[in-house]
Amino acid sequence: MHEYFMEIALKEAKKAYDKEEVPIGTVITLNDEVIAKAHNLREISKIATAHAELLAINEACKVRGDWRLTDCNLYVTIEPCPMCAGAIILSRIEKVIIGAMDYKSGACGSVINLLENDKLNHQAEIITGVLEYECSEIMKSFFRKLRSK
């Protein structure tokens, strides 16, 4: 099941790639149904916080009619940054499924781990390595293309 939803997140990442955005995609599910999906839009929107995770969380809150996303899972192609990890905690997402880790700015286990910090008022379960190769490869391809320009 995790692979199925990560494939959808990868399709979102591809949309970002095609727009020359950093190719990260996110899907939020409730009861094994997609309630929100998004991809990075920082370059197009010129908004620093237009990360895939935040855009998907905002959409899921609208769908639920609540800021609490308890019982929801978030699938993301690349490990969330500290800002996005904070939003995951604040929105009470239950589980975060990550494709590939980000060893430069990840906040879910690589550089730091905000999601499992028991000093915070909410923790989220983390699952890593779902379609890791595919999630990593789209990022590598994007940055190779960017450097060649």
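What counts and how
- Residues numbered from 1 in each chain as written.
- Predicted model: local features only at pLDDT ≥ 70, side-chain atom pairs only at ≥ 80, totals over all residues.
- Heavy atoms only, no water.
- Axes fitted to C-alpha atoms, helices over the stretch in contact; angles between N-to-C directions.
- Helix = DSSP H or I, 4+ residues; strand = E, 2+ residues; numbered from the N terminus.
- Parallel < 35°, antiparallel > 145°, perpendicular 65-115°, else oblique.
- Left-handed = near helix turned anticlockwise from the far one by under 90°.
- Contact = heavy atoms within 4.5 Å.
- Nonpolar A, V, L, I, M, F, W, Y, C, P; charged D, E, K, R; others polar.
- Phe/Tyr/Trp six-rings, centres within 6.5 Å; stacked < 30°, edge-to-face > 60°.
- Core = buried A, V, L, I, M, F, W, Y, C linked by side-chain atoms within 4.5 Å.
- Buried < 20%, exposed > 50% of the residue type's maximum accessible area, 1.4 Å probe, protein only.

(A) Here's a closer look at the packing of helix α3 (residues 52-64) against helix α4 (residues 82-90). Look at α3 against α4: their axes get within 9 Å of each other, and the N-to-C directions meet at 20 degrees. When the interaxial angle is binned, α3 and α4 end up roughly parallel. By crossing handedness, the relation of α3 to α4 is classed as left-handed. Taking contact as the criterion, the partners of Glu 53, Leu 54 and Ile 57 in α3 are, on α4, Met 83, Cys 84, Ala 87 and Ile 88. In terms of residue class, the contact of α3 with α4 is built from six nonpolar, no polar and one charged.

(B) Broad picture of the packing of aromatic side chains. As enumerated under the stated definition, the model contains four aromatic pairs in all. Between Tyr 4 and Phe 5 the ring centres are 5.1 Å apart and the planes differ by 75 degrees, which places this aromatic pair in the edge-to-face class. Aromatic pair Tyr 17 and Phe 142: ring centres 5.9 Å apart, planes at 65 degrees, arrangement edge-to-face. Separated by 125 residues along the polypeptide, Tyr 17 in helix α1 (residues 2-18) and Phe 142 in helix α5 (residues 132-148) bring together distant segments of the chain.

(C) Structural context of the nonpolar core. If you look at the biggest cluster of nonpolar residues, it comprises 50 residues, and the most contacted ones within it are Ile 28, Ile 57, Val 96 and Leu 115. Sorting elements by how many residues they give to this core places α1 first, with seven residues. Filtering out sequence-adjacent residues up to four positions away, Ile 57 remains in contact with Ile 28, Leu 69, Leu 74, Ala 87, Ile 88, Ser 91 and Ile 93.

(D) A look at the packing of α1 against α5. In the contact formed by α1 and α5, the axes pass within 10 Å of each other and the chain directions differ by 5 degrees. When the axes of α1 and α5 are compared, the pair comes out roughly parallel. For the pair α1 and α5, the contacting residues are Met 6, Leu 10, Ala 13, Lys 14 and Tyr 17 in the first and Glu 134, Cys 135, Ile 138, Ser 141, Phe 142 and Lys 145 in the second. When grouped by side-chain class, the residues that make up the contact of α1 with α5 number seven nonpolar, one polar and three charged.

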